Amino acid sequence: MSEPRTRRLVAGMVGGGAGADIGKTHRYAMRLDDQFELTSGVFGRDRQGSLGLAADLGIAEDRSYRDYAEMAAAEAVRPDGADVVVVATPNDSHFDIARAFLEAGISVVCEKPLTRDSDTAAELVRLAAENNAILAVPHCYSAYAMVRHAARMVRDGDLGRVTFVDVEHASGWAATPLEEHGHKQARWRTNPDIAGFPSVVGDLGTHAYHLLRYITGLDADRVSGRLNTLVPGRRVFDHATVELELTGGVPARLWASMAAAGHNHGLRIRVFGDKGSLEWQHEDPHHLTIQDLDGATTVLTHGLSTLSEDATRLTRVGLGHPEGFLEAFANFYRDLADILRARRDGTPLPSRELTIPTGIDGLLGVRFVEAVAASHHRDAAWVSPGSTAQPGSTAQPGASIQKAGI
Ligand SMILES: NC(=O)c1ccc[n+]([C@@H]2O[C@H](COP(=O)([O-])OP(=O)(O)OC[C@H]3O[C@@H](n4cnc5c(N)ncnc54)[C@H](O)[C@@H]3O)[C@@H](O)[C@H]2O)c1
């Protein structure tokens, strides 16, 4: 059961404008459990674009600020000011923006890599402590239920003594020179002034390193890294292979790449111990594979009643449903919203061939139940469920919806 709450937490955002990548993910995520209300922001450097998105998000004009400095000053003195601000801008601006809010006593969720050098990162950590503010970094892979379970298993000694860790975040998203063709995210990630020369290490290596640390509880005592540029002409390193020596001399290997041709997201970790091993992959996040010393394999699944409390408290959908189930419901409501809005505003209904099921689909379902029951009563005789209309998925959505009477 969720804890009682008197009011939702007040959130702001810097970055995450139209066409931006990760800002919208933060916004969706904050809405899911309904604990945050986004009430202020600077959604990009372009004032008109920022105002437009703020209006779409229902943010009052006086809280759609010109820049982060104005926002920090104003939100700090409002009685209903931001409890937390999300910084979802490219890497070179994280420090200045996060500092402005922390100095104003406002907590910050700052995207990774936290800053471009450890002095400024340490400065943010210091400012957060000094101003009694929270500073969080969304290495969100550690928030998967099965990653939490993996971390619990290692801590509980289920794998025995950790002997070796192999982690990779080897993605193929930039295996071609996208930056030369105007790709927004590739442009800044391959600009050394914004992303730094070891770009892929900051971008993907930090996620892989955090995942390794999170699951094993071990840190790197020393590393031996090799950086390469696989895409000719690229101005930053897009490929990194790193040997690590973890706490207690445990060896590890980390591979980060944005040029691993054909790979999708490519985040995977394997942890070996003297009693067995585990493996988790981001592209199959609701499974955790465990192998014992004899090689017998157990696949643990998100939602199992036998998982640790660490995993269970993060499980919203039942066994057999992947996390994507919630998104499927969100997609249903998105299509429904388009239709309801068109009716409300008197604008044409969306002309998509594939849209939501309607009352007609419900009717056909009920007729099917009746036909199956009737057939059963007649010793499995053939019975036609009958059909007066096409399902909403194949007819004009408008027509289907009108007939269904919703
Ligand atoms: N945690 C994750 O899994 C994850 C995933 C993707 C990106 N990121 C991180 O998120 C950050 C943003 O990446 P992205 O891919 O979304 O970039 P992006 O280029 O798609 O979006 C950046 C946004 O910030 C805005 N912006 C830039 N400077 C600003 C400023 N001074 N004030 C207000 N807005 C400003 C841009 O207009 C744009 O809307 C990066 O640090 C990246 O490393 C994290």
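Cut-offs used in this document
Residues numbered from 1 in each chain as written. Predicted model: local features only at pLDDT ≥ 70, side-chain atom pairs only at ≥ 80, totals over all residues. Heavy atoms only, no water. Domains from an automatic or database assignment. Disulfide = S-S within 2.5 Å. Buried < 20%, exposed > 50% of the residue type's maximum accessible area, 1.4 Å probe, protein only. Near = heavy atom within 4 Å. Polar contact = N/O pair within 3.5 Å; in protein donor to acceptor, adjacent residues only side chain to side chain. Areas by Shrake-Rupley, 256 points an atom, 1.4 Å probe, with all protein chains shown as cover. Helix = DSSP H or I, 4+ residues; strand = E, 2+ residues; numbered from the N terminus. Nonpolar A, V, L, I, M, F, W, Y, C, P; charged D, E, K, R; others polar. Pairing = 2+ DSSP bridges. Axes fitted to C-alpha atoms, helices over the stretch in contact; angles between N-to-C directions. Contact = heavy atoms within 4.5 Å. Parallel < 35°, antiparallel > 145°, perpendicular 65-115°, else oblique. Left-handed = near helix turned anticlockwise from the far one by under 90°. Core = buried A, V, L, I, M, F, W, Y, C linked by side-chain atoms within 4.5 Å. Salt bridge = Lys/Arg side-chain N within 4 Å of Asp/Glu carboxyl O.

## Comments concerning the domain arrangement of the chain
Inference 1: For the chain, the assigned domains are domain 1 (9-138), domain 2 (142-312) and domain 3 (325-404).
Inference 2: Domain 2 and domain 3 are separated by 43 Å when their C-alpha centres are compared.

## A closer look at the state of the cysteines
Inference 1: Within this structure, the stated rule accounts for zero disulfides.
Inference 2: Free of any disulfide, Cys110 has its nearest neighbouring cysteine sulfur in Cys140, separated by 13 Å.
Inference 3: Take Cys140: its relative accessible area is 49%, and that puts it in the partly exposed class.

## Considering the site of the ligand
Inference 1: Around the ligand sit 24 residues in total, of which Gly17, Asp21, Asn91, Lys112 and Gln185 are the nearest.
Inference 2: Arg45 is positioned such that a nitrogen or oxygen atom in its side chain is 3.3 Å from a nitrogen atom of the ligand.
Inference 3: Note that an oxygen atom of the ligand is positioned 2.5 Å from one of the side-chain N or O atoms of Gln185.
Inference 4: When the free accessible area of the ligand is taken as 850 Å², the share hidden by the protein chains comes to 90%.
Inference 5: Taken together, the elements giving at least two residues each to the shell around the ligand come down to strand S1 (9-15), helix H7 (184-189) and helix H9 (199-216).
Inference 6: Partitioning the shell around the ligand into residue classes produces eight nonpolar, nine polar and seven charged.
Inference 7: The residues that make up the shell around the ligand include at least three from each of domain 1 (9-138) and domain 2 (142-312).

## Here we look at the sheet that holds strand S7 (residues 220-228)
Inference 1: Taken together, the eight strands give an open sheet; going across it, the order is S7-S8-S9-S6-S10-S11-S12-S13, and neighbouring strands pair in mixed fashion. If you trace the sheet from one side to the other, it starts and ends with S7 and strand S13 (297-301), each paired once. Within the sheet, the average angular offset between the axes of one strand and its neighbour, ignoring direction, is 15 degrees.
Inference 2: Pairing geometry for strand S10 (residues 267-273) and strand S11 (residues 276-281), over five bridges, is antiparallel. Bridge pairing in S11 links Ile269 to Trp280.
Inference 3: On the sheet, helix H6 (residues 145-155) packs against strand S6 (162-170), S10, S11, strand S12 (287-292) and S13 and is oriented at approximately 30 degrees with respect to S12.

## Focus: the packing of helix H3 (residues 68-77) against helix H4 (residues 94-103)
Inference 1: It is at 9 Å that the axes of H3 and H4 come closest, and there the two elements cross at 15 degrees. By the criterion of interaxial angle, the relationship of H3 to H4 is roughly parallel. Relative to H4, H3 is oriented so that their crossing is right-handed. Contacts between H3 and H4 involve Tyr68, Met71 and Ala72 on the former and, on the latter, Asp96, Ile97, Ala100 and Phe101.
Inference 2: The residue makeup of the contact of H3 with H4, split by class, is six nonpolar, no polar and one charged.

## Some words on the nonpolar core
As a rule of thumb, nonpolar side chains are buried together in soluble globular proteins.
Inference 1: With 41 residues, the main nonpolar core has Ile269, Val271, Trp280 and Leu288 as its most contacted residues.
Inference 2: Elements represented by at least two residues in this core include exactly H6, S6, H9, strand S8 (239-246), strand S9 (250-257), S10, S11 and S12.
Inference 3: Those residues in contact with Leu288 that sit more than four places away from it in its chain are Met146, His149, Ala150, Met153, Leu278, Glu279, Trp280, Thr298, Val299 and Leu300.

## Quick word on unusual backbone geometry
Inference 1: Here the bond from Lys112 into Pro113 is cis, since omega is -15 degrees, no more than 30 degrees from zero.
Inference 2: Positive phi outside glycine occurs at Asp34, with the angle close to 60 degrees.

## Some points on the sheet that holds strand S3 (residues 84-88)
Inference 1: Pairing is parallel in the open sheet, where five strands are placed in the order S2-S1-S3-S4-S5. Each having just a single partner strand, strand S2 (36-42) and strand S5 (135-136) make up the two edges of the open sheet.
Inference 2: Sheet analysis places S3 next to strand S4 (residues 107-110), joined by four bridges and oriented parallel. The residue of S4 that forms the bridge with Val87 is Cys110.

## A look at the pattern of salt bridges
Inference 1: Taken as a whole, this structure holds 27 salt bridges when the rule is applied.
Inference 2: Its salt-bridge partner being Asp34, residue Arg8 comes within 3.0 Å of it at the nearest N-O pair. Of this pair, Arg8 sits in the segment before S1 while Asp34 sits in the loop between helix H1 (23-32) and S2; the two residues are 26 residues apart in sequence, bridging distant segments of the chain.
Inference 3: Looking at Arg8, the relative accessible area reads 35%, which means it is partly exposed.

## Some words on the packing of H6 against H9
Inference 1: Orientation of H6 relative to H9, taken along the N-to-C sense of each, is 50 degrees, at an axis distance of 7 Å. One element, H6, and the other, H9, form an angle in the oblique class. Together, Val147, Arg148, Ala150, Ala151, Val154 and Arg155 of H6 and Leu211, Arg213, Tyr214, Ile215 and Thr216 of H9 make up the contact between the two elements.
Inference 2: Among the residues forming the contact of H6 with H9, the class breakdown is seven nonpolar, one polar and three charged.

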